[in-house]
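Descriptive analysis of the structure
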Protein chains: 2
Amino acid sequence: MSETRERSAEKIACDHRSGAGHLVIIGGNEDRVQEKVILRRFVELTCAPDPKIVVLTAASSFHEEVAEVYQRAFEALGVARCSALAVHSREDAGHPEVVEAILTADGVFMTGGDQRKLLALIGGTATYTAMHRAFTERGTCIAGTSAGASAMSAHMIAEGQGDIHPEKGVVSFAAGLGFLQRAVVDQHFSERRRLGRLLAVVAQNPTLLGIGVDEDTALVVERGSGFEVVGDGAVTLVDGRQMSSNFLDIGEREFIELLNVRLHLLPAGASYAHRAGACSDAQVCRELTPTLHEIVDILSSNETVS
Amino acid sequence: MSETRERSAEKIACDHRSGAGHLVIIGGNEDRVQEKVILRRFVELTCAPDPKIVVLTAASSFHEEVAEVYQRAFEALGVARCSALAVHSREDAGHPEVVEAILTADGVFMTGGDQRKLLALIGGTATYTAMHRAFTERGTCIAGTSAGASAMSAHMIAEGQGDIHPEKGVVSFAAGLGFLQRAVVDQHFSERRRLGRLLAVVAQNPTLLGIGVDEDTALVVERGSGFEVVGDGAVTLVDGRQMSSNFLDIGEREFIELLNVRLHLLPAGASYAHRAGACSDAQVCRELTPTLHEIVDILSSNETVS
């Protein structure tokens, strides 16, 4: 692919950026050493010729190791300015240097680990506020993988065993970072057989669109415009608004009966946008049908109800 | 449970039998040695005080071993008259003794193995005709497990790898026994992660309702009346009539994009019927909503279109 064409996907996404940045929601185990397709897309979506990227490892218990992996990957992708934020406490999360790093970043990348740890450390701190400011005002690209992806929604899956069948009461929620208001994210989706768990979440929380992201796959959201699925697997969307279930009639740990769940399955490779020709040559360009339009609205929404 | 109550589920199902027998569609690996819940329900649904059961092992390559397992299981359930049909060739399938055994049976049980072998041996023979006559005219209960379950539909999944994601061209069809005209059956469903495969089947064949039956689980169909889910797991139904897909635009082995698939998930334990009080105490009785009514119609249908 020629350099001109390579630029065009990036250029289109960046030129049309509505103000807010992109969200890159990654299902975990993304390739960090070979083609690095997802990380590459993240770098493009910083929309800066010489992007400054910060890596937030607060979800992880292995700050040094994880930081090094990502710094090496971004360096290999031509990023000259990449640093890992040392956030090990809420005090760190309030530190002016950390806050400044985020406010001046073109991209913030949240690693995997435990989403509860991530929120416990940064939730409600100046780091949290800075991330939202950067995203909304500077167009900073916010990415999260694995726990970092789950953390992106307002209603966050904190933990949950999840059988292959949806069971009542096995998934617990907590307050996440709120970059998605009307959806809930699960990751390592197909690989860890989490459809049952996501169906249980949606049965219990029918206001939320369930998003299941596979490993080495990313859902890229461009607020108000469209979305893409990048990488190797697929994104599964579960819409329970028309569903009926026996959720209220059963006890804890019992299997849930569900009727009329709407399921969408989106394999990597397509870009869904209002704009014709808004894709790179490597992508399949799909214009928005009413269903896809509705999905864009839900993913873009700043509010809890449309 | 008292004997009077135990009789009532059977009695209700048998008293209200519309003429045709019940279908018992089993996902494989049903319990044959302990509680034998599914096999027990099959025996009840023969609706005979001293039922005559024939076991058809034609799908299997291990006739003696398989026959013995089932004969032992039915004997333990109090069945005094159980025989295994020795059908090793199409000549056997046309043999008057085999045909007579089926025409006088209260239940016919098709074991697992390879559904293509089963159809190759009995498809279009007098055995095949006899099974349909017995089912329609005598109310004989027809059961099939694993390959035997797949074989029950008119459009039968003959083989197919099936990734966790639906791929074009990985599933092949053949003509099955035709006890279900408007649905297609897959088995070992959750255990072998076959949702992707069933979605691919429905994407390619949107006239058919996809039925995925888990191991040790049975979908029991009472034509024109209702259905039950018995056993340990669940039945997944996939309705693609309102779906859109990119099926026509992609090549073989490529992942299929699907929008607006309707999914129903029915765990074991419930009985869905027109009639109030048509359940045993062990079951949850569910009256038919419009969606459930539609499902009953599809499962009961003798025709390829409503």
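The structure contained in this document is the topic of the report that follows. Keep in mind that what you see is a predicted model, and the values were worked out from it rather than measured.

Overview of the state of the cysteines
All names here are of chain A. With the rule as written, the count across this model stands at two disulfides over all chains. The residue that forms a disulfide with cysteine 14 is cysteine 47, at a sulfur-sulfur distance of 1.8 Å. Of note, the bridge from cysteine 14 to cysteine 47 carries an S-S torsion of about -80° and is left-handed in sense. In this pair, cysteine 14 sits in helix α1 (residues 3-15) while cysteine 47 sits in the loop between α2 (37-44) and β2 (52-56), placing the two residues 33 residues apart along the sequence. Of the two residues examined, cysteine 14 and cysteine 47, each falls in the buried class. With no disulfide partner, cysteine 82 has as its closest neighbouring cysteine sulfur the one in cysteine 141, 13 Å distant. Not engaged in a disulfide, the cysteine cysteine 141 finds its nearest cysteine sulfur in cysteine 47; these two sulfurs lie 7.7 Å apart.

Section: helix α7 (residues 126-138) of chain A
Residues and elements named next belong to chain A. Three or more residues of α7 are buried, namely Thr127, Ala130, Met131, Ala134 and Phe135. One face of α7 carries all of its buried residues, which in axial projection span an arc of 130°. Looking at the residues trailing α7, positive phi occurs at glycine 139, about 75°.

Quick word on the packing of aromatic side chains
Residues and elements named next belong to chain A. Throughout the structure, instances matching the rule amount to 14 aromatic pairs over all chains. Ring centres 5.3 Å apart and planes at 85° place the aromatic pair phenylalanine 135 and phenylalanine 179 in the edge-to-face group. With a gap of 44 residues between them, phenylalanine 135 in helix α7 and phenylalanine 179 in the loop between β7 (171-175) and β8 (183-186) connect regions that are remote in the sequence. The exposure classification of phenylalanine 135 matches that of phenylalanine 179, with both residues buried. Ring geometry for phenylalanine 227 against tyrosine 272: centres 4.7 Å apart, planes inclined by 20°, an arrangement best described as stacked. Of the two residues, phenylalanine 227 sits in strand β11 (residues 226-231) while tyrosine 272 sits in strand β15 (residues 270-273), which places them 45 residues apart along the sequence. Judged on exposure class, the residue phenylalanine 227 and its partner tyrosine 272 are both buried. An aromatic cluster of three or more residues is present, and its members are Phe42, Tyr70, Phe74 and Phe109. Above the ring of phenylalanine 247, the side-chain terminus of lysine 168 is found at 4.7 Å from the ring centroid.

Description of the environment of glycine 210 of chain B
All names here are of chain B. When you line up the elements, glycine 210 lands in strand β9 (residues 209-213). Separated by 34 residues in the primary sequence, glycine 210 and glycine 176 place their C-alpha atoms 15 Å from one another. Leave out the neighbours within four places in its chain, and glycine 210 touches Val184, Leu198, Val202, Thr236, Leu237 and Val238.

Side note on the environment of lysine 36 of chain A
Residue and element names in this part refer to chain A. Mapped onto the fold, lysine 36 is located in the loop between β1 (22-26) and α2. In this structure, the C-alpha to C-alpha distance between lysine 36 and alanine 76, residues 40 residues apart in sequence, is 9.5 Å. For lysine 36, the contacting residues outside a window of four places in its chain are Asp31, Ala73, Ala76 and Leu77.

With respect to the packing of helix α5 (residues 96-103) of chain B against helix α7 (residues 126-138) of chain B
All names here are of chain B. Axis separation between α5 and α7 bottoms out at 8 Å; the angle between their running directions is 15°. Taken together, the axes of α5 and α7 lie roughly parallel to each other. The hand of the α5/α7 crossing is right-handed. For the pair α5 and α7, the contacting residues are Val98, Val99, Ile102 and Leu103 in the first and Ala126, Thr127, Ala130, Met131, Arg133, Ala134 and Arg138 in the second. Residue composition of the contact of α5 with α7, grouped by class: eight nonpolar, one polar and two charged.

Re the relation of the copies chain A and chain B
What relates the pair of chain copies is a rotation about an axis plus a shift along that axis. Rotating chain A by 180° and moving it 0.0 Å along the rotation axis overlays it on chain B with an RMSD of 0.0 Å. Put plainly, the chains are arranged around a two-fold axis. Within chain A, the C-alpha atom positioned nearest to the axis of rotation is that of arginine 262 of chain A, 2.5 Å from it. Comparing contact sets, 100% of the residues at the interface of chain A also lie at the interface in chain B, consistent with an isologous, same-surface contact.

Some details on the interface of chain A and chain B
Contacts between the two partners involve 31 residues from chain A and, on the opposite side, 31 residues from chain B. In total, chain A and chain B occlude about 2500 Å² of area from one another, counting both sides; carbon and sulfur atoms represent 59% of this. It is Glu257, Leu263 and Leu265 of chain A in chain A that bury the most area against chain B; as a group they hold 24% of the surface buried on that side. A salt bridge links glutamate 257 of chain A to arginine 286 of chain B, with the nearest nitrogen and oxygen atoms 2.2 Å apart. Between the two partners, chain A and chain B, sit 20 residue pairs in polar contact (both at pLDDT 80 or more). Elements represented by at least two residues in the side of chain A that touches chain B include exactly α9 (195-204), β14 (258-267), β15 and α10 (290-300) of chain A.

Here's the deal with helix α3 (residues 63-76) of chain B
Residues and elements named next belong to chain B. The end-to-end C-alpha distance of α3, which contains 14 residues, comes to 20 Å, matching closely the 20 Å that a straight helix rising 1.5 Å per residue would cover. Turning to α3, its buried residues number three or more, namely His63, Val66, Ala67, Tyr70, Ala73 and Phe74. One side of α3 holds all its buried residues, which, seen down the axis, span an arc of 135°. Along α3, the residues that are exposed and aim more than 90 degrees away from the buried face are Glu64, Arg72, Glu75 and Ala76. On its buried side, α3 packs onto α2 (37-44), β2 (52-56), β3 (81-85), β4 (107-110) and β5 (141-145). Once α3 finishes, glycine 78 follows within two positions and takes phi at roughly 90°, a positive value.

Rules behind the numbers
- Residues numbered from 1 in each chain as written.
- Chains lettered and ligands numbered in written order.
- Predicted model: local features only at pLDDT ≥ 70, side-chain atom pairs only at ≥ 80, totals over all residues.
- Heavy atoms only, no water.
- Disulfide = S-S within 2.5 Å.
- Helix = DSSP H or I, 4+ residues; strand = E, 2+ residues; numbered from the N terminus.
- Buried < 20%, exposed > 50% of the residue type's maximum accessible area, 1.4 Å probe, protein only.
- Arc of directions from axis to C-beta.
- Phe/Tyr/Trp six-rings, centres within 6.5 Å; stacked < 30°, edge-to-face > 60°.
- Lys NZ or Arg CZ within 6 Å of the ring centre and 35° of its normal.
- Contact = heavy atoms within 4.5 Å.
- Axes fitted to C-alpha atoms, helices over the stretch in contact; angles between N-to-C directions.
- Parallel < 35°, antiparallel > 145°, perpendicular 65-115°, else oblique.
- Left-handed = near helix turned anticlockwise from the far one by under 90°.
- Nonpolar A, V, L, I, M, F, W, Y, C, P; charged D, E, K, R; others polar.
- Least-squares fit on C-alpha atoms with pLDDT ≥ 70 in both.
- Buried area = accessible area lost by both parts, 1.4 Å probe.
- Salt bridge = Lys/Arg side-chain N within 4 Å of Asp/Glu carboxyl O.
- Polar contact = N/O pair within 3.5 Å; in protein donor to acceptor, adjacent residues only side chain to side chain.
- Expected span 1.5 Å × (residues − 1).

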